[in-house]
Amino acid sequence: MSEVFGQSPLLDQTVQHIARHYGEDERGNDAWIEDAPVEVADCSVQPLDSAEYLTSASDRIVSRWQFFGPPGMGLKATDLIEVDGEKYEVDGKPGLTRSVSPFLAHTTAILKEFTG
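Residues numbered from 1 in each chain as written. Predicted model: local features only at pLDDT ≥ 70, side-chain atom pairs only at ≥ 80, totals over all residues. Heavy atoms only, no water.

Participant: Looking at this structure, how should I read the packing of aromatic side chains?
Facilitator: Considering all chains together, one arrives at two aromatic pairs under this definition. Centroid distance Y22 to W32: 5.3 Å. Interplanar angle 75°. Geometry classified as edge-to-face. Placement of Y22 in strand β2 (residues 20–24) and of W32 in strand β3 (residues 30–34) is noted, with a sequence separation of 10 residues between them. The class of Y22 is exposed, set by a relative accessible area of 53%. Residue class for W32 comes out partly exposed when judged on its relative accessible area of 41%. For the ring pair W65 and Y88, a centre distance of 5.3 Å and an interplane angle of 55° mean the geometry is tilted. Note that W65 is positioned in strand β5 (residues 59–69) and Y88 in strand β7 (residues 86–90), a separation of 23 residues in sequence. Since its relative accessible area comes to 5%, Y88 is described here as buried. One cation-aromatic arrangement involves R20 over W32; the distance from NZ or CZ to the ring centre is 4.5 Å. (Phe/Tyr/Trp six-rings, centres within 6.5 Å; stacked < 30°, edge-to-face > 60°. Helix = DSSP H or I, 4+ residues; strand = E, 2+ residues; numbered from the N terminus. Buried < 20%, exposed > 50% of the residue type's maximum accessible area, 1.4 Å probe, protein only. Lys NZ or Arg CZ within 6 Å of the ring centre and 35° of its normal.)

Laid out in structure tokens, this is it:
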């Protein structure tokens, strides 16, 4: 990862990047297969919004978070990010912002969490 990218005081979190792919589990069922977590420093996960869904069947809360990370981390739309003991799904296609200044180049994505 870029040493220049990590100089911002706002990018002070280390996350676990968990790549996922669709395949078969040990019983032959179609399932998401999680690779071993890879530690990624110089990241930031910030809260965005949440919505609460109340139904007779269940109560559910969907929270969204903004993720910023190093440009070369290879984040994909199917991956997970774990930070502070919580796992978040990447919501949509991550973006890679390029710049002539190494400090400004970064990966960005929206993360979501379901509870309830």
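Participant: Would you take a moment to explain the side chain of Q66 for this structure?
Facilitator: Inspection of the secondary structure puts Q66 in strand β5. Using a relative accessible area of 17% as the deciding quantity, one classes Q66 as buried. Among the polar contacts listed, one links the side chain of Q66 to the backbone oxygen of A109, at a separation of 3.3 Å. Ignoring anything within four residues of it in the chain, the contact list for Q66 reads S44, V45, Q46, L48, T108, A109 and I110. (Polar contact = N/O pair within 3.5 Å; in protein donor to acceptor, adjacent residues only side chain to side chain. Contact = heavy atoms within 4.5 Å.)

Participant: What exactly am I supposed to notice about the pairing of β3 here?
Facilitator: Where a strand is regular, its side chains alternate between the two sheet faces. As paired elements, β2 and β3 share five bridges and run antiparallel to each other. Pairing of E24 across the sheet is with D30, part of β3. Two successive antiparallel strands, β2 and β3, enclose a turn made up of five residues, where G28 displays a positive phi of approximately 85°. (Pairing = 2+ DSSP bridges.)

Participant: I'm lost on the pairing of strand β9 (residues 106–115) in this one. Help?
Facilitator: In terms of burial, β9 is largely enclosed, as seven of its 10 residues are buried. Where β5 meets β9, nine bridges bridge the pair, whose relative direction is antiparallel. By the bridge assignment, V62 is partnered in β9 with F114. Direction of pairing for strand β8 (residues 95–97) relative to β9: antiparallel, over a ladder of three bridges. Note that in β9 the partner of G95 across the bridge is T108.

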